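A closer look at the structure
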Amino acid sequence: MEKTFAIIKPDAVAAKNAGEILARIEAEGFRVVAFKRRVISKAEAESFYGEHSAKGFFGALVAYMTSGPVYVAVLERE
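First things first, this report covers the structure right here in the doc. (Residues numbered from 1 in each chain as written. Predicted model: local features only at pLDDT ≥ 70, side-chain atom pairs only at ≥ 80, totals over all residues. Heavy atoms only, no water.)

Before going further, it helps to spend a moment on the side chain of E76. Its location among the elements puts E76 in strand 3 (residues 70–77). A distance of 2.7 Å separates the side chain of E76 from the side chain of R31, its partner in a polar contact. If we skip the residues at most four places from it in the chain, E76 touches M1, E2, K3, G29, F30, R31 and V33. (Helix = DSSP H or I, 4+ residues; strand = E, 2+ residues; numbered from the N terminus. Polar contact = N/O pair within 3.5 Å; in protein donor to acceptor, adjacent residues only side chain to side chain. Contact = heavy atoms within 4.5 Å.)

Here we take up the environment of A15. With respect to the element layout, A15 can be found in the loop between helix 1 (10–14) and helix 2 (18–27). Residue A15 is classed as partly exposed on the basis of its relative accessible area, which comes to 45%. Expressed as a C-alpha distance, the spacing of A15 and S67, which sit 52 residues apart in the sequence, is 14 Å. (Buried < 20%, exposed > 50% of the residue type's maximum accessible area, 1.4 Å probe, protein only.)

Taken together, the buried positions of helix 2 are occupied by A18, L22 and I25. Projection of helix 2 onto a plane perpendicular to its axis shows the buried side chains occupying an angular sector of 60 degrees, all on one side. For helix 2, the exposed residues lying more than 90 degrees away from the buried face are G19, E20, R24 and A27. Next to the buried residues of helix 2 lie strand 1 (2–8), helix 1, strand 2 (31–38) and strand 3. (Arc of directions from axis to C-beta.)

Shape is all these values report; function is a separate question.
Following this line, the structure appears as structure tokens:
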């Protein structure tokens, strides 16, 4: 069994699309092992996306990911 991490991003949460996104994920054969709504801090976003820190879009990416709540999920599938 393989596990992966997913984030439903702020714009999708604001548009109330999380349910539809989860349905599509499950339709692809994934099982949702853990699911939580949270706000990502600037420090967390900078750490998570650190591999992009030298790129021009890094600041905008961090601002976007911290602009509102997200859903984080652990998914599993064979």
